[in-house]
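Residue strings, one per chain:
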Amino acid sequence: MSDIRPRAVVAGHGDFAAGLVSAVQQITGRGAAFVPISARDLSAADLEATVRKAMNDAGVSVVFTDLQAGSCTMAARKVLRGREDLVLVVGANLPMLIDFVFADAMSPTDAARHAYERGRTAMALIGGGAR
Amino acid sequence: MTLILNRVDDRLIHGQVVVGWGQPLDVRFIVLVDDEVARSDWEQELYRMGTPPDMEVLFHSVDDAVRAVPRYRADERAGILLTGDVASMLRLVLEGGVRDVNIGGIHHRPDRKQRLRYVFLSPDEESLLRRMVAAGATVTARDVPAATPVDLRELIEPEAASA
């Protein structure tokens, strides 16, 4: 049984969150640090309630979402309203989440900032005449 | 161009609208019709932040939208008219001249029956949709452009004949 405790929620369309968390588990064995949520078939109100409940139940203050315009981001922003202690990172990717799970010496807020910077710089364009 | 999509979607502005429809159709403005959002600066800012800078978002109450729709229909840009519920869109059909209605997402609620993966309807909502058709509107369900439209008549049973 894993002794990794949840540190963040990951919310996205389709199987985005479950897929990313599965990849984190495969690479690091620390997938349990995330609670995955899918927006599939949920109304805006139900999605907001699901994100809120997942964060409360897991006792986490960080949520990662997939898309700036997406319903998960809208829901998370509503959950964050008036809560300065909560952090939302939009545009989650695998390097970002891996960075987050290894930043367990930091506070969740600092780890989220660190992961955000890592995720931003983790992309590369190779070939195709890239300069 | 004009209003190229008149959509009922209880998530209002979200990925399917901005990306799924917005990108392939080169949508440049969204008219969001919702009484609650029209009263809330905070929610308006939330929805504006969810759209690209080159996509204008305009907010109206249902009453205001009835008067404004003809102006948006004459806009040279491609736009989406968006309501979060069937009743608001019915008013835009009856009083604003909307003729094609897209059911994009009406999700689960205890009083609703599932008709498609993304369409759940209450008896009252089905009645309102029938009124749209009776008023001359074409009503189809379609969540994203790549999906096949489903005619309303395939979604709901015919209204029971009165005794």
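What you are looking at is a predicted structure, and each value in this text was computed from that prediction instead of being measured.

Criteria and cut-off values
- Residues numbered from 1 in each chain as written.
- Chains lettered and ligands numbered in written order.
- Predicted model: local features only at pLDDT ≥ 70, side-chain atom pairs only at ≥ 80, totals over all residues.
- Helix = DSSP H or I, 4+ residues; strand = E, 2+ residues; numbered from the N terminus.
- Rg over C-alpha atoms; globule rule 2.2 N^0.38 Å.
- Buried ≥ 20, exposed ≤ 12 C-beta atoms within 10 Å, placed from the backbone.
- Contact = placed C-beta atoms within 7 Å.
- Pairing = 2+ DSSP bridges.
- Axes fitted to C-alpha atoms, helices over the stretch in contact; angles between N-to-C directions.
- Core = buried A, V, L, I, M, F, W, Y, C linked by C-beta atoms within 7 Å.
- Parallel < 35°, antiparallel > 145°, perpendicular 65-115°, else oblique.
- Left-handed = near helix turned anticlockwise from the far one by under 90°.

Student: Looking at this structure, how should I read the overall build of chain A?
Tutor: Of the regular secondary structure elements, chain A holds 5 helices and 4 strands. On C-alpha atoms alone, chain A measures out to a radius of gyration of 15 Å, which is about the 14 Å that the 2.2 N^0.38 rule sets for 131 residues. Each of the three principal axes of chain A carries a C-alpha extent, and together these read 45 × 35 × 30 Å. Of all 131 residues assigned to chain A, the portion counted as buried reaches 41%. Pairs at least 24 apart in sequence give 64% of the contacts found in chain A among residues at least 6 apart.

Student: For this particular structure, what's the right way to read the sheet that holds strand 4 (residues 87-90) of chain A?
Tutor: Hydrogen bonds between backbone groups are what pair the strands of a sheet, and the pairing can be parallel or antiparallel. Residues and elements named next belong to chain A. Strand order in the open sheet made by the 4 strands is 2-1-3-4, with parallel pairing throughout. At either margin of the open sheet sits one strand with a lone partner, and together these are strand 2 (34-38) and strand 4. Taken pair by pair, the neighbouring strands of this sheet meet at an average axis angle of 20 degrees, ignoring direction. Two strands pair when backbone bridges link them, and strand 1 (residues 8-12) and strand 2 are joined in this way by 5 bridges, in the parallel orientation. Paired with valine 10 across the bridge in strand 2 is proline 36. The sheet strands contacting helix 1 (residues 16-28) are strand 1 and strand 2, and the helix crosses strand 2 at an angle near 155 degrees.

Student: It is not clear to me how the sheet that holds strand 5 (residues 100-105) of chain B should be interpreted in this structure. Could you clarify?
Tutor: Residues and elements named next belong to chain B. Taken in spatial order, the 7 strands of this open sheet run 3-2-4-1-5-8-9, and their pairing is mixed. Strand pairing shows two members of the sheet lacking a second neighbour, strand 3 (56-60) and strand 9 (150-151), which therefore form its edges. Note: strand 5 against strand 8 (residues 138-141), 4 bridges, orientation parallel. Pairing of asparagine 102 across the sheet is with threonine 140, part of strand 8. Sheet strands in contact with helix 5 (residues 86-96) are strand 1 (3-9), strand 2 (29-33), strand 4 (79-83) and strand 5, and its direction is about 125 degrees off that of strand 4.

Student: Quick question: what am I supposed to make of the pairing of strand 5 of chain B here?
Tutor: Residues in a regular strand project their side chains so that they alternate between the two faces of the sheet. Residue and element names in this part refer to chain B. By the criterion of burial, strand 5 is predominantly enclosed, with 5 of the 6 residues buried. Both strand 1 and strand 5 contribute to a ladder of 3 bridges, which runs parallel. Across the sheet, the residue bridging to aspartate 9 is glycine 105, located in strand 5.

Student: Teacher, can you tell me more about the nonpolar core here?
Tutor: General note: in soluble globular proteins, nonpolar side chains tend to be found buried as a group. Val9, Val10, Val51 and Leu97 of chain A are the most contacted members of the largest nonpolar core, which totals 85 residues. Residues within four places of valine 51 of chain A in sequence aside, it is in contact with Val9, Ala11, Ile37, Val63, Ala75, Ala76 and Val79 of chain A.

Student: Help me understand the packing of helix 5 of chain B against helix 6 (residues 123-134) of chain B, please; the structure alone is not making it clear to me.
Tutor: The relative placement of two packed helices comes down to the angle between their axes together with the axis-to-axis distance. Residues and elements named next belong to chain B. It is at 10 Å that the axes of helix 5 and helix 6 come closest, and there the two elements cross at 15 degrees. It follows from the interaxial angle that helix 5 and helix 6 lie roughly parallel. As helix 5 runs across helix 6, the sense of the crossing is left-handed. Taking contact as the criterion, the partners of Val86, Ala87, Leu90 and Val93 in helix 5 are, on helix 6, Glu125, Leu128, Leu129, Arg131 and Met132.

Student: Even after reading the chapter, I still don't get unusual backbone geometry, so can you show me in this structure?
Tutor: The bulk of non-glycine residues show a negative phi, and the bulk of peptide bonds are trans. One non-glycine residue with positive phi stands out, namely aspartate 41 of chain A, at about 65 degrees. Its place among the elements puts aspartate 41 of chain A in the loop between strand 2 and helix 2 (44-58). For aspartate 41 of chain A, a count of 14 C-beta atoms within 10 Å puts it in the partly exposed group. The phi angle at leucine 12 of chain B is positive, at roughly 55 degrees, despite the residue not being glycine. Mapping leucine 12 of chain B onto the fold places it in the loop between strand 1 and helix 1 (15-21). Judged by the 23 C-beta atoms lying within 10 Å of it, leucine 12 of chain B falls in the buried class.

Student: Help me understand the interface of chain A and chain B in this model?
Tutor: Accessible area lost when the parts come together is the quantity often used to give the size of an interface. Residue-level contacts link 14 residues of chain A with 15 residues of chain B. Among the secondary structure elements, those contributing two or more residues to the side of chain A that touches chain B are helix 2 and helix 3 (71-80) of chain A. Per element, the largest residue contribution to the side of chain A that touches chain B is 4 residues, and it comes from helix 3 of chain A.

Just geometry here; none of it tells us what the structure is for.
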